[in-house]
Every structure is written in structure tokens, then in C-alpha cells.
Amino acid sequence: MAPAIRTLEKPAEPGGPAVGGGDWGRSGRGGDGALTPPRGGTHPARIGVWLVVGAITILFVAFTSTYLARRGQSDWRIGPLPPVLWVNTALLFASSLALERARRGARHDRPTVVRGSLAVATLLGTAFVVGQVAAWRQLASAGVFMASNPHAAFFYLLTGTHALHVAGGIGTLVFALWKTHRLSGAAVLDVVEPAATYWHFVDGLWVYLFVILFWL
């Protein structure tokens, strides 16, 4: 019986990539034509965004614990709901839809879709921050300030902190839009995926804050 012949993987050349290893430059496409991720490892940007999400989650868990403890006091009363917050919520939902469209465009290597959707999401996110400023102005014109009562203090604190994180997300989207003009193929997905993940997180965080501030 002839001995079995074993095929050995060719070792990597000094300073070059290993032959047989997967990377984004050689990733293939799935059955639906979408770009597939490499078989080895996770892109550092994806790990980084989840670390950021974890840190922000811990921060708002601490805020929530203090909020729930404070609301049990006798001087607690919920302030007025600025009507513009409904518009702001719709803007964030629309921006998440745009980001999801950008992500699908990146998976199917459609750069025009990616760039257009990123631009729309950036504009909607900016409109959200402007809307939050309008909400604060509405409360101020009604005589509700941070020192007015405990609920107002938490409203300004929570929505202000969230708006700062949204502003950071807008910066991320601008960076992603800039990078997509210089990258192609699966490399675009490495930029869009983390940005979309972060943006969906701040979107969900806003819904959570909206509920505990006015409906819980």
C-alpha cells in the first residue's frame, strides 16, 4: 500500500504573510455575494469598540443606580417632557437605519451606498445633538434648570452625557466616511462595522434613558 502523502503548509517568508492564512485582502464571498471575514482573529477596531461600549455601560449603570436611589425621596417629581425629544428619538432611529444600510453596502462591496449612508447618518446624528440643545432650551424657557429639582438635575446630567457620546460617534462617522474614500473591498467593512456597532449602542442607550426619565 502506498504511503499517505501529507501536504505541508509552506512556511512564511521572513517579513511576509503566512501562506494559507486568511486575511481581509484574500477573504471570499458567501452564497449571497457578501464579503466574508478572515478565518483567523478579530480586527482590533471591533475589539476596541466593544471595550468602549462596556465602559460606557458601566458608567450609565452607576448613573442609573444613583437615579433609582434618589427618586425614592419625598422631594422627587418628574418634570415636563420637551416635545422635541420625540423628534430626536426619530432622528436617532433613522440614523441607525442609515448605518445598517451602510453596513450592508460594505458587506456587498457597494462603495456608493456606503458613503451615501454614512453621510446621511452623520447629518441625522448632528441634527439629534442640535435637537438636544433645543430640548434644554425649552426646559430653561419654562424655568426648569439643573438646580430646580432632582429630576431636572438628572435629566441634564444623563442627556448631556449621552449627547457627548453621540458627538463622539459623529466624529467616528466622519472618520469612517473619510476612510471609505481611501479603502476598497473588505477593508471598508473593517471601518463601517465598528462605527455601526457603536452607533446602534448609543441609539439603544437613548431609548433606555428616555424610558427611565419619563416613563419608569
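Structure's up top.
Residues numbered from 1 in each chain as written. Predicted model: local features only at pLDDT ≥ 70, side-chain atom pairs only at ≥ 80, totals over all residues. Heavy atoms only, no water.

Before we move on, can you summarise the packing of aromatic side chains with the specific residues and values?
Within the structure shown, the criterion is met by twelve aromatic pairs. Ring centres of Tyr 67 and Phe 154 lie 5.3 Å apart, and the angle between their planes is 85°; on these two criteria the pair is classed as edge-to-face. Residue Tyr 67 is found in helix α1 (residues 44–70), and its partner Phe 154 is found in helix α4 (residues 150–180); the two are separated by 87 residues along the sequence. Its relative accessible area of 1% is what places Tyr 67 among the buried residues. Here Trp 86 and Phe 210 contribute two aromatic rings whose centre-to-centre distance is 5.2 Å and whose plane-to-plane angle is 65°, an arrangement assigned as edge-to-face. Here the residue Trp 86 occupies a position in helix α2 (residues 84–107), and Phe 210 occupies one in helix α5 (residues 186–214), the gap between them amounting to 124 residues. Looking at Trp 86, the relative accessible area reads 49%, which means it is partly exposed. Here the aromatic cluster, defined as three or more aromatic residues joined through ring pairs, consists of Trp 86, Phe 128, Phe 155, Tyr 156, Trp 206, Phe 210, Phe 214 and Trp 215. (Phe/Tyr/Trp six-rings, centres within 6.5 Å; stacked < 30°, edge-to-face > 60°. Helix = DSSP H or I, 4+ residues; strand = E, 2+ residues; numbered from the N terminus. Buried < 20%, exposed > 50% of the residue type's maximum accessible area, 1.4 Å probe, protein only.)

Quick one: what's the story with a nonpolar patch on the surface, residue by residue and with numbers?
A surface patch of nonpolar side chains, amounting to about 700 Å² of accessible area, comprises Leu 68, Trp 86, Phe 93, Val 207, Val 211, Trp 215 and Leu 216. Where the nonpolar patch is concerned, the elements lending two or more residues are α2 and α5. If you trace the backbone, Val 211 turns up in helix α5. (Patch = residues over 30% accessible without salt bridge, like charges linked within 9 Å, V, L, I, M, F, W, Y side chains within 5 Å. Areas by Shrake-Rupley, 256 points an atom, 1.4 Å probe, with all protein chains shown as cover. Salt bridge = Lys/Arg side-chain N within 4 Å of Asp/Glu carboxyl O.)

Please provide a residue-by-residue account of the nonpolar core, values included.
Counting 47 residues, the largest nonpolar core has Leu 118, Leu 158 and Trp 199 as its most contacted members. If you list the elements that add at least two residues to this core, you get α1, α2, α3 (111–141), α4 and α5. Ranked by the residues each element gives to this core, the list is headed by α5, at 17 residues. Setting aside chain neighbours within four positions, we find Trp 199 in contact with Leu 92, Ser 95, Ser 96, Leu 99, Ala 121, Gly 125, Val 166, Gly 169, Ile 170 and Leu 173. (Core = buried A, V, L, I, M, F, W, Y, C linked by side-chain atoms within 4.5 Å. Contact = heavy atoms within 4.5 Å.)

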